[in-house]
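So you can see what is in the structure, the chains are spelled out below.
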Amino acid sequence: WEYIAVAVFVVTCITFFGGGGPGSPPPFPDRTGILDLLRMIYHKEGMMAYTHRRRTELRSETFAMRQPLLFTKMVVMCDPQEMKKVFAQERSLGLTVALPPTVADIHGDDMQMMAPEKHKVWRRIMARALTPTALASYIPVILQHVTQLGDRLKLKSAGRNAVTFLEELRATQLRTMGSLLFGFDFEKGDEAKDFDELEKSFELGLGALFARRSSDPNSAHQKGLAASEKLREWLMARFLPILEEAKRRRRKRMSLKRGSSGETKQTSRRPNAMETVAEALLDAPDTPTGPSAEMIATARDNLYLLLEASHSTSIHATTATFGLLLDPANADALQRVRKELEGVKTFTLDDQRTAMPLTLGSIKEALRIAPVVDGIVYNLPKDKVLRTGRYTVRGPELLYMAGAANHMNPEIFPEPRRFIPERWMPGHERSVGTKGVQALRPFGFGSHLCLGYNLAYLNMSATVYALFGRADLKMRLAEPFAIRPFVFPSNVVEHGLKLLVG
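Once a new chain begins, its residue numbering starts again from 1 and follows that chain's sequence as written. In keeping with the model being predicted, local features are shown solely for residues with a pLDDT of at least 70 and side-chain atom pairs are shown and tallied solely at 80 or more, while totals for entire chains, interfaces and linings include all residues. Neither water nor hydrogens contribute to the side-chain values; these are computed over all heavy atoms in the structure.

Caption draft 1: Looking closely at the overall build of the chain. Strands here are runs of E lasting at least two residues and helices are runs of H or I lasting at least four, both read from the DSSP assignment and numbered beginning at the N terminus. Looking only at helices and strands, the chain features 18 helices and twelve strands. Burial statistics for the chain: of 502 residues in total, 53% are counted as buried. Whether two residues touch is decided by their heavy atoms; if any such pair falls within 4.5 Å, the residues are in contact. When contacts within the chain are restricted to residue pairs at least 6 apart in sequence, long-range pairs at least 24 apart make up 69% of them. The Shrake-Rupley method, run with a 1.4 Å probe, gives the accessible areas here. Residue values count only the displayed protein chains as cover. Approximately 24,000 Å² of the chain is accessible, and the part contributed by carbon and sulfur atoms is 56%. To sort residues, take the accessible area from a 1.4 Å probe on protein chains only and compare it with the maximum for the residue type: under 20% means buried, over 50% means exposed, and anything in between is partly exposed.

Below you can see the structure in the form of structure tokens.
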């Protein structure tokens, strides 16, 4: 035991106090001690606060650190201009997103972990479900579900009982995505029953994303694996008939001569994402006889990813937006947003992008103050060399793009702790300009930029419009608004945002 104790002590000293790292010698601070990590844990700092503090203390926009808990060495980059140089070389470097193995267990073969060339092919396929035309067709469904959310909040609270906004929103958003992505019709009893099963499996899968790997069947990891496999089977059973129907329609169109009076008319029914992706698969190159079983499985895994990404980001960012707007300290901002919404008679895609700058600015301020993701880790493969002009990093190495490191930087965002939606209005006297825009990267970087970010913004804007725009809906905080750091999402609203609604 004495020998073991000495060995552990030596390894600990090397691990926590030792330098060594990218480059030889590294051209940036490359030493993170155990005391600094303990300080981070003691003060309950999230990665946003930690990276901002370290870059200030070290006076360096780039430095090495060890991930808390995992203690894996990685190079942290905080300067938006340096990040831009990295992603200009993204494809030649072969950068891929580095995620915990438990995430890969749950997600399967999705775009997050694909190499650049494969990622490019699949991004083109999945993007068909997120074109401006597709997004515009989703608006009535989103508004219908959010209106029902408002009715439910009012009924449950009655102005007296505190309701948890996050939980009510979670159920609403999942139903919304179920309809948009998979075509659920909740008026049908069997469809509602299927959705209840999907919801249970989905939540168990989410709980396993960052859980410790375990062989215990009762562990969160194993329960999540079983649930995600069940969800994949369900998605495949729903997707295959849709794909076959797409093939049938295509054969029929090809058999009819162009301009023939017998050609079938196009339906005005809104296609869901599954149907759109099925058509995109048939249009994909190198599939003259139809997509392979592997491609069909990959399409299914990416539909799963789209559900998770569009759902998880939206609910937490929307909750933070509502909390900040309802905070009495921001009463003036809320009044300005309400006045803006009074001028929007019908919510359209054009309105969301041009007629609601304060609404969109409020959402971006929430993403700045309480980012869902503080940063993203990328793999720099072996034998690849990153050169930015200031330094060189040789693979294999982990690169942490600390997107949120500048969110509280007063040089970029004056009065950084204040909620100021006008920061994001071009031409406004309080606008942060190009430098601030480059510093806000809530949906990632480069070619791995979140595919559904426009859907997320649309969803969040529609929720603000539908709830704050209702004259019969009065919302106020049931307890003080607070944000705390977490693993995923990186920041959460304390207690899920308790509201009184009348």
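Caption draft 2: Expanded view of the sheet that holds strand β2 (residues 73-77). Within the open sheet, the five strands sit side by side as β1-β2-β8-β5-β3. Their pairing is mixed. Unpaired on one side and paired on the other, β1 (62-66) and β3 (96-97) mark the two borders of the sheet. For two strands to pair, DSSP has to find at least two bridges joining them. With five bridges joining them, β1 and β2 adopt antiparallel strand pairing. Residue pairing for β2: F63 is matched across the bridge by V76. Angles shown run from 0 to 180 degrees and are taken between the N-to-C directions of axes, each axis being a line fitted to C-alpha atoms and, for helices, limited to the stretch in contact. This element, helix α3 (residues 47-58), spans β1, β2 and β8 (397-401) of the sheet and lies at about 125° to β1.

Caption draft 3: How the structure looks around the pattern of salt bridges. The salt bridge criterion pairs a side-chain nitrogen of Lys or Arg with a carboxyl oxygen of Asp or Glu, the two atoms within 4 Å. Applying the stated criterion to the full structure yields 30 salt bridges. A salt bridge links R470 to D151; the shortest N-O distance between them is 2.9 Å. Taken together, the positions of R470 in the loop between α18 (453-468) and β9 (475-477) and D151 in helix α8 (residues 132-157) put the pair 319 residues apart, joining distant regions of the chain. R470 gets classed as buried once you look at its relative accessible area, which sits at 16%. A salt bridge links K230 to E197, with the shortest nitrogen-to-oxygen separation between them at 3.3 Å. Placement of K230 in helix α11 (residues 220-255) and of E197 in helix α10 (residues 189-208) is noted, with a sequence separation of 33 residues between them. With relative accessibility at 43%, the residue K230 sits in the partly exposed group.

Caption draft 4: Up close: the environment of T354. Mapped onto the secondary structure, T354 falls in helix α15 (residues 349-355). Nitrogen and oxygen atoms within 3.5 Å of one another constitute a polar contact, given that in protein one can donate a hydrogen and the other can accept it, and given that sequence-neighbouring residues count only through two side-chain atoms. A distance of 2.6 Å separates a polar side-chain atom of T354 from the backbone oxygen of D350.

Caption draft 5: Structural detail: the packing of aromatic side chains. Each aromatic pair joins two rings of Phe, Tyr and Trp (for Trp, the six-membered one) with centres within 6.5 Å, and gets the label stacked for planes under 30 degrees apart, edge-to-face for over 60, and tilted for any other angle. In total, this model carries 13 aromatic pairs according to the counting rule given. A centroid spacing of 5.3 Å and a plane angle of 70° characterise the contact between F443 and Y457, whose relative ring orientation is edge-to-face. Of this pair, F443 sits in the loop between α17 (433-439) and α18 while Y457 sits in helix α18, and the two are 14 residues apart along the sequence. For the residue pair F443 and Y457, the accessibility class agrees, reading buried in each case. Each member of the aromatic cluster is reached from another via a ring pair, and the members are F182, F184, F186, F195 and W234. Here the guanidinium or amino end of R175 rests over the ring plane of F186, the centre of that ring lying 4.5 Å away. Any Lys NZ or Arg CZ found within 6 Å of a ring centre and within 35 degrees of that ring's normal is scored as a charge over the ring. Here the basic side chain of R368 rests over the ring of F413, its NZ or CZ set 5.1 Å away from the ring centre.

Caption draft 6: Fine view of α3. With twelve residues, α3 extends 16 Å between its outermost C-alpha atoms, agreeing within 8% with the 16 Å of an ideal straight helix rising 1.5 Å per residue. Looking at α3, one finds that the buried residues are M47, M48, Y50, T51, R53, R54 and R55. In the stretch just after α3, R59 is the one whose phi turns positive, near 55°. To estimate the expected span of a helix, count its residues, drop one, and scale the result by 1.5 Å.

Caption draft 7: Quick peek at the packing of helix α14 (residues 331-342) against helix α16 (residues 357-369). At a minimum axis distance of 8 Å, the contact between α14 and α16 shows a crossing angle of 140°. Relative to α16, the element α14 lies oblique. Here α14 contributes R336, V337, E340 and L341 to the contact with α16, which in turn contributes P357, L358, T359 and S362. Any residue outside Ala, Val, Leu, Ile, Met, Phe, Trp, Tyr, Cys, Pro, Asp, Glu, Lys and Arg is labelled polar, Gly included; the first ten of those are nonpolar and the last four are charged. Grouping the amino acids of the contact of α14 with α16 by side-chain chemistry returns four nonpolar, two polar and two charged. Orientation labels follow simple angle bins: below 35 degrees gives roughly parallel, above 145 gives roughly antiparallel, 65 to 115 gives roughly perpendicular, and whatever is left gives oblique.

Caption draft 8: Expanded view of a nonpolar patch on the surface. Taken together, the side chains of F210, F486 and V487 define a hydrophobic patch exposed on the protein surface, amounting to about 310 Å² of accessible area. Checked against the element boundaries, V487 lands in the loop between β10 (483-485) and β11 (491-493). Judged by its relative accessible area of 59%, V487 is exposed. Patches draw on residues past 30% relative accessible area with no salt bridge. Two like charges within 9 Å are joined, as are two nonpolar side chains (Val, Leu, Ile, Met, Phe, Trp, Tyr) within 5 Å.

Caption draft 9: Quick peek at the packing of α11 against helix α13 (residues 293-326). The N-to-C vectors of α11 and α13 enclose an angle of 115°; their axes lie 9 Å apart at closest approach. By crossing handedness, the relation of α11 to α13 is classed as right-handed. Residues S228, L231, R232, L235, M236, F239, L240 and L243 of α11 touch α13, and the partners they reach there are I296, A297, A299, R300, D301, L303 and Y304. Residues belonging to the contact of α11 with α13 are distributed by class as follows: eleven nonpolar, one polar and three charged. When the near helix sits turned anticlockwise from the far one by under a right angle, the crossing is termed left-handed; a clockwise turn instead gives a right-handed crossing.

Caption draft 10: Layout of helix α4 (residues 80-88). Of the positions making up α4, those classed as buried are P80, E82, M83, V86 and F87. The buried side chains of α4 occupy one side of the element, clustering within an arc of 155° when seen end-on. In α4, those exposed residues whose orientation departs by more than 90 degrees from the buried face are K84 and A88. Contacts from the buried residues of α4 go to β2, α5 (90-93), β5 (376-380), β6 (385-387), β8 and α17. For α4, the N-terminal cap is D79; the gap from its side-chain oxygen to the backbone nitrogen of Q81 is 3.1 Å. What the arc measures is the spread of directions leading from the helix axis to the C-beta atoms.

Caption draft 11: A look at the sheet that holds strand β12 (residues 498-501). Taken in spatial order, the three strands make up an open sheet running β4-β12-β9, and their pairing is antiparallel. Across the chains shown, the open sheet's two edge strands, defined by having one partner strand only, are β4 (163-164) and β9. Sheet analysis places β9 next to β12, joined by three bridges and oriented antiparallel. Residue pairing for β12: M475 is matched across the bridge by V501.

Caption draft 12: Looking closely at the side chain of R123. Position of R123 relative to the elements: it lies in helix α7 (residues 116-127). In this charge count, Lys and Arg are treated as positive and Asp and Glu as negative; neither His nor the chain ends contribute. An unpaired buried charge is present at R123: no salt bridge exists, and E90, the closest side chain of opposite charge, is 8.6 Å distant. Side-chain polar atoms of R123 contact the backbone oxygen of S447, separated by 3.2 Å. Not counting residues up to four positions away in its chain, the partners in contact with R123 are M111, S447, H448, L449, C450 and L451.

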